[in-house]
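Listed below, chain by chain, are the residues.
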Amino acid sequence: MSKAKVSRRALVGKVAQGTTLAVTGGSIWSYLLSQQARAAPRAVRPPGARQDDDFNAHCIKCGQCVQACPYDTLRLAAVGEAIPIGTPYFIPRQIPCYMCPDIPCRKACPTGALDSVLEDINEARMGLAVIDVEHCLSWQGLRCEICHRECPVQDQAITVELLPRRVSKHAMFVPMVHSAHCTGCGICENACPTEEAAIRVVPPGLVQGKLGAHYRLQQRPDTLRDQKSPDSQTPMRSNTVETSALEYLNEGESR
Amino acid sequence: MTHGSRQPETGAGGGPVRKFVMPNTLAGKLWVWRYIILRRVSQIALLLLFFGTAHWGWKVADRPLLAGNLSSSELLGVIPMADPFAVLQILVTQSILEPRVLIGALLILAVYAIVGGRSFCAWVCPVNMVTDLAGWLRTRLGISGAFYLSRNTRYTVLALALAVSVIAGVAAFEWISPVGVMHRELIYGIGLGWAAVLGVFLLDLFILKHGWCGHLCPLGAFYALVGARTAQLRIHFDEATCTHCGECARICPEPQVLNLKQAAQVGMVASGECTNCGRCTPMCPEHSLSFDWRVAITKHKRHSHAGTSKRRAA
């Protein structure tokens with residue numbers, strides 16, 4: 001009987017040791033994973049990718065999307081990259097997504113990390129293009145607009161707007177991105193002629209604000225641009241600027 | 001031979017105990033190494049199939065030959081396959097998966113339930129090549145163990161992997177697995193993953209003999225549970241010819257599975273921890289160990305048992 005008592009005490013000790021080791025190990029393990037997962041917001045994901053946490057949980061890191069991509073756009077994050085290990089992403093400046101209408105990468109995904117609800121590639125939201133107006137050529141007054149011309153959702157995702165300038169008669173034609181249509185394919189970023197791209201695709205959550213449901217916007221002319229219906233093709237422009245600039249272009253300096 | 005001067009020991013059957021002698025001829029050596037050669041061919045061929053499909057566009061009948069990797073793949077664009085342990089980890093994060101990956105996992109589970117789960121370890125897993133090298137080098141250099149660790153630690157790691165998956169909300173082992181890292185980076189481009197593989201190599205070489213595969217790997221632990229009862233491909237043990245020379249246990253990476261008393265009862269190495277690597281079979285000087293089918297072994301065993309009991313009765 002005494003032997004059983006000793007072994008019971010030893011057993012309790014063993015259980016305590018084991019539990020401590022397991023809990024410590026498990027805590028460190030969980031912490032490392034959460035650190036890894038936090039790197040996610042920087043990644044530009046393939047079309048149809050679920051939201052960060054959901055994507056991280058679903059992706060089995062098999063790379064079938066990578067192999068299905070006909071343009072070698074996608075890659076799997078290796079150890080040491082600032083993107084969760086083994087998950088697919090792409091760098092638009094190197095190779096953008098060319099928006100295949102049949103979405104082969106999404107179809108190749110066996111787990112649904114790339115969600116099968118995505119049927120139309122134009123509905124993909126891989127990221128959102130943002131323009132650095134300090135370095136955009138168009139915003140310096142040059143006629144670049146390459147991003148607008150290359151954009152596969154032209155005149156919806158990127159429009160060219162006419163912008164008056166205070167000190168000069170010369171108006172500017174500047175590209176504007178509309179989040180309602182931008183798929184985040186990155187063709188604009190890839191095509192941007194500046195040394196470092198002045199238009200870049202980033203995960204929307206990093207840059208996009210939210211107005212709040214309690215705001216009721218008045219239909220003032222200068223807010224119409226933000227309120228226009230998604231399928232309106234022509235951007236709303238301020239009439240006075242447009243007419244005066246057109247008059248200037250038509251009639252020249254002599255006027 | 002070094003022990004040539006020693007008196008020959010007597011075995012269980014009363015006969016002299018013979019030791020394993022490596023043949024002098026190349027053909028003889030290759031025959032001894034047959035399973036290790038076959039295993040390397042199997043491991044490298046699988047890697048090559050994945051790599052060739054990914055990089056050289058290998059196709060059969062205009063379908064990608066073997067797309068994906070060991071986590072999840074598709075054979076000829078039709079047959080899905082998936083790592084059942086990875087899928088289990090994803091499922092415990094309460095993620096709803098597409099049927100394709102679930103079918104793939106069940107398919108692989110069924111295959112390993114037949115051939116023995118840990119056949120994966122010896123015949124498929126790329127890390128096995130690294131740990132085998134470390135083990136071989138360790139014996140060559142005569143490095144002794146740094147500390148003792150129970151081989152059951154892996155089951156704790158397995159339980160922990162599932163618990164952490166629930167807590168962290170991601171497949172816990174898949175995010176740190178040296179197996180996944182090595183395999184993935186060999187196919188999709190090399191990053192810092194070699195450091196993890198080097199870590200496993202050094203652990204096995206200097207710290208703990210068979211440290212990774214034999215003590216820690218939760219994937220190995222998972223596969224030890226797959227087909228532990230149902231595995232058809234097993235090592236048959238012939239008690240009558242065994243002299244208990246111990247050659248098999250010396251070469252075995254999981255020597256605890258060679259519990260010969262138990263093996264004598266059931267006629268085979270029954271433990272799910274046996275990796276079916278076949279290393280023991282050529283080493284046995286009496287040919288007491290050989291690959292066989294569970295059905296054949298149990299049938300044979302029943303017959304011989306019936307024979308002995310009849311004899312006893314008479």
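Everything below is about the structure printed above this text.
Here goes a summary of the coordinates provided.

Analysis parameters
Residues numbered from 1 in each chain as written. Chains lettered and ligands numbered in written order. Predicted model: local features only at pLDDT ≥ 70, side-chain atom pairs only at ≥ 80, totals over all residues. Heavy atoms only, no water. Helix = DSSP H or I, 4+ residues; strand = E, 2+ residues; numbered from the N terminus. 1 Å grid on protein atoms, 1.4 Å probe; cavity = no way out; pocket = protein on both sides within 12 Å on 5 of 7 lines; lining within 4 Å. Points joined across faces, edges and corners; volume = space filled by probe spheres on them. Nonpolar A, V, L, I, M, F, W, Y, C, P; charged D, E, K, R; others polar. Domains from an automatic or database assignment. Salt bridge = Lys/Arg side-chain N within 4 Å of Asp/Glu carboxyl O. Buried < 20%, exposed > 50% of the residue type's maximum accessible area, 1.4 Å probe, protein only. Pairing = 2+ DSSP bridges. Contact = heavy atoms within 4.5 Å. Polar contact = N/O pair within 3.5 Å; in protein donor to acceptor, adjacent residues only side chain to side chain. Buried area = accessible area lost by both parts, 1.4 Å probe. Expected span 1.5 Å × (residues − 1). Arc of directions from axis to C-beta.

## Digging into the environment of Gly 186 of chain A
Secondary-structure assignment places Gly 186 of chain A in the loop between strand 5 (172-177) and helix 6 (187-191). On a C-alpha basis, the gap between Gly 186 of chain A and Gly 127 of chain A in space is 8.2 Å, while along the polypeptide they are 59 residues apart.

## Focus on the layout of surface pockets
To find leftover empty space, one rolls a probe the size of a water molecule over the atoms. Put simply, the largest pocket is a space of about 970 Å³. Lining the largest pocket we find 26 residues, and of these Trp 33, Trp 136, Ile 251, Arg 279 and Met 283 of chain B sit closest to its centre. By residue number, the principal contributor to the lining of the largest pocket is helix 6 (residues 127-141) of chain B, which donates eight residues. Among the residues making up the lining of the largest pocket, the classes are represented as 13 nonpolar, five polar and eight charged. Each of domain 1 (35-225) and domain 2 (233-314) of chain B accounts for three or more of the residues forming the lining of the largest pocket. When its volume is computed, the second largest pocket comes out at roughly 690 Å³. Elements with a contribution of two residues or more to the lining of the second largest pocket: helix 1 (2-38) of chain A together with helix 7 (153-168) and helix 10 (211-216) of chain B.

## Some points on the pattern of salt bridges
Residue and element names in this part refer to chain B. Taken as a whole and judged by the stated rule, the model has 14 salt bridges over all chains. Of the charged contacts in the structure, one is a salt bridge between Arg 151 and Glu 254, with a shortest N-O distance of 3.0 Å. One end of the pair, Arg 151, is in the loop between helix 6 and helix 7; the other, Glu 254, is in the loop between helix 12 (247-251) and helix 13 (260-266), and 103 residues separate them in sequence. Exposure class is identical for Arg 151 and Glu 254. Each is buried. Residues Arg 154 and Glu 254 are paired through a salt bridge, measuring 2.9 Å at the closest nitrogen-oxygen approach. With Arg 154 in helix 7 and Glu 254 in the loop between helix 12 and helix 13, this pair connects stretches of sequence that are 100 residues apart. By the burial criterion, Arg 154 is buried, and Glu 254 matches it. Salt bridges linked by common partners bring Arg 118, Arg 151, Arg 154, Glu 254 and Glu 273 together as one network.

## Focus: the pairing of strand 4 (residues 72-75) of chain B
Inspection of the sheet shows strand 3 (residues 66-69) of chain B paired to strand 4 of chain B by four bridges, in the antiparallel sense. Bridging across to strand 4 of chain B, Ala 67 of chain B finds its partner in Glu 74 of chain B.

## Comments concerning the side chain of His 183 of chain B
Residues and elements named next belong to chain B. Among the secondary structure elements, His 183 is positioned in helix 8 (residues 178-188). On the basis of relative accessible area, His 183 is assigned to the buried category, the value being 4%. Beyond its immediate stretch of four places on either side in the chain, His 183 contacts Leu 47, Phe 50, Asn 69, Leu 70 and Pro 126.

## Digging into helix 8 of chain B
All names here are of chain B. Of all the 11 residues making up helix 8, 10 are buried; the element is thus mostly covered by neighbouring parts of the structure. For helix 8, the set of buried residues is Pro 178, Val 179, Gly 180, Val 181, Met 182, His 183, Arg 184, Glu 185, Ile 187 and Tyr 188. A side-chain oxygen of the first residue of helix 8 lies 3.1 Å from the backbone nitrogen of Val 179; this N-cap is Ser 177. A positive phi of about 110° marks Gly 189, the residue just after helix 8.

## Concerning the side chain of His 148 of chain A
Among the secondary structure elements, His 148 of chain A is positioned in helix 5 (residues 146-150). Those residues in contact with His 148 of chain A that sit more than four places away from it in its chain are Gln 154, Asp 155, Ile 158, Thr 159 and Val 160 of chain A.

## Regarding the sheet that holds strand 8 (residues 289-293) of chain B
Residue and element names in this part refer to chain B. Reading across the sheet, the three strands line up as 7-6-8 and stay open at both edges, with antiparallel pairing between neighbours. Strands at the two margins of the open sheet, each flanked by one partner only, are strand 7 (268-269) and strand 8. Where strand 6 (residues 233-237) meets strand 7, two bridges bridge the pair, whose relative direction is antiparallel. Looking at the pairing, His 236 lines up with Met 268 of strand 7.

## A few points about unusual backbone geometry
Positioned with a positive phi, Lys 61 of chain A is a non-glycine residue whose angle comes to about 65°. With respect to the helices and strands, the residue Lys 61 of chain A is situated in the loop between helix 2 (52-58) and helix 3 (64-68). On the basis of relative accessible area, Lys 61 of chain A is assigned to the buried category, the value being 2%. In the Ramachandran plot, Leu 76 of chain B falls in the positive-phi region, its phi being about 55° despite a non-glycine side chain.

## As for the interface of chain B and chain A
Note on interface size: it is often stated as the accessible area lost on association of the parts. Listed as interface residues are 41 residues of chain B and, on the opposing side, 33 residues of chain A. A combined buried area of about 2,900 Å² lies between chain B and chain A, and 65% of that area is made up of carbon and sulfur atoms. Taken together, chain B and chain A are joined by 18 residue pairs in polar contact (both at pLDDT 80 or more). Mapped onto the side of chain B that touches chain A, the elements with two or more residues apiece are helix 2 (34-55), strand 3, strand 4, helix 3 (84-92), helix 4 (99-115), helix 7 and helix 8 of chain B.

## Structural notes on helix 4 of chain B
All names here are of chain B. Taking 1.5 Å per residue, 17 residues should reach 24 Å; helix 4 reaches 24 Å between its end C-alpha atoms and fits that length. Those residues of helix 4 not exposed but buried are Val 101, Gly 104, Ala 105, Ile 108 and Tyr 112. Along the long axis of helix 4, the arc covered by the buried residues comes to 95°, so they all point the same way. Turned more than 90 degrees from where helix 4 packs its buried face, Pro 99 and Leu 106 sit exposed. Elements that come into contact with the buried residues of helix 4 comprise strand 4, strand 5 (79-82), helix 3, helix 5 (119-123) and helix 11 (218-225). Gly 116 sits one or two residues past helix 4 and shows a positive phi near 95°.

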